[in-house]
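Per-entry structural report
Here is what each chain is made of, one letter per residue.
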Amino acid sequence: MKTTASGHAAVRRVRKLDLWDILIRLFLIAASLACLLPFVHVVAKSLSEDAYVIANKVFLWPAGFTLDAYGKVFADQSILRSLYISVIITVLFTLIGMIVTICAAYPLSRKQLKGRSFFTFIFMFTMFFGGGIIPEYMLINSLGMLDSIWSLILPLSFSAFNLLILRTSISSNIPASLEESARMDGAGHFRILFSIVLPLSKPILATLSLFYAVGRWNAYQDALFYIKHNVDLRPLQLKLYYLVVQASESFQLEMTQVSLSNPEVLKAACVVFATLPIICVYPFIQKYFVKGVMLGAIKE
């Protein structure tokens, strides 16, 4: 039985698709390893002895397993307080940021709002132009928020990028007919927002909450500028930064001390210690993450 030309073409198409499928899978594996292996390397360094790290003999597996670096991190009694402060700041920051973003995104997603384009432009303008660090510091100082927990929460609690994502998601996934039917039943704006819009926007809300939380958790530069004298308000990232700097300076001045930890080992332990709490949040919102990003990324 002879194979027809259409049969050969189908076989070639299948082989072509299989080749592209293999290439895509290889690319995704390589990209995943590029993200995973550096973190594994840092974990291995944090669990290795100083001599092996100095000799560059630690790659993906600890050499001379030890927990001395973590012991030095926890030796500072203020570490746990800094962790508590970071959790409080992250929770308040995320809560306030989501409230402000929702209150801005919902009106801008409604076509009946007069001047919607103008207000959107005002918000988007801040994505491209900013005052800079010095004017921001002068503003925080004039408001009397230096050495205050609110200096770490209020200035960055709104993101125009997150506003754009949420507004696009609401306008593209909440049909106007649904809002009209709710209005016919006597529902107002707040009832529509809390009973219709927010329940249908759980994926994108979870995604934006993650964006806010991760951004606040990893930030330390504003705390470096605004928290000077009140050391009890230093967040975890800033506390670990000072710990690494102090270890580096001591290591350079007294390199003959064998018991002194290598700053690279201590730095790796600090990275792992600061990363684990926020990693624990991912499993709880993973099911919303991909769907939430896609909802805010397309508009039909």
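Above this note sits the structure.
**Concerning the layout of surface pockets**
Taken as a whole, the largest pocket holds about 510 Å³ of empty space. Considered class by class, the residues forming the lining of the largest pocket number 13 nonpolar, five polar and two charged.

**So, the side chain of Arg234**
Looking at the element boundaries, Arg234 is found in the loop between helix H11 (221–226) and helix H12 (236–253). Excluding its chain neighbours within four sequence positions, the residues that come into contact with Arg234 are Ser82, Ile85, Ile227, Lys228 and Tyr242.

**Some points on the packing of aromatic side chains**
Under the criterion given, the structure shown has seven aromatic pairs. Consider the rings of Phe123 and Phe158, whose centres lie 5.5 Å apart with planes at 45°: the pair is tilted. Placement of the pair is Phe123 in helix H5 (residues 116–125) and Phe158 in the loop between helix H6 (133–142) and helix H7 (160–173), with a sequence separation of 35 residues. According to the relative accessible area criterion, Phe123 is partly exposed, its value standing at 27%. According to the relative accessible area criterion, Phe158 is partly exposed, its value standing at 28%. An aromatic cluster is defined as three or more aromatic residues linked by ring pairs; in this entry it consists of Phe121, Phe125 and Phe129.

**Examining the side chain of Thr101**
Here Thr101 lies in helix H4 (residues 78–109). Setting aside residues no more than four positions away along its own chain, Thr101 makes contact with Phe158, Asn162, Leu163, Leu166 and Tyr212.

What counts, and where the lines are drawn
Residues numbered from 1 in each chain as written. Predicted model: local features only at pLDDT ≥ 70, side-chain atom pairs only at ≥ 80, totals over all residues. Heavy atoms only, no water. 1 Å grid on protein atoms, 1.4 Å probe; cavity = no way out; pocket = protein on both sides within 12 Å on 5 of 7 lines; lining within 4 Å. Points joined across faces, edges and corners; volume = space filled by probe spheres on them. Nonpolar A, V, L, I, M, F, W, Y, C, P; charged D, E, K, R; others polar. Helix = DSSP H or I, 4+ residues; strand = E, 2+ residues; numbered from the N terminus. Contact = heavy atoms within 4.5 Å. Phe/Tyr/Trp six-rings, centres within 6.5 Å; stacked < 30°, edge-to-face > 60°. Buried < 20%, exposed > 50% of the residue type's maximum accessible area, 1.4 Å probe, protein only.

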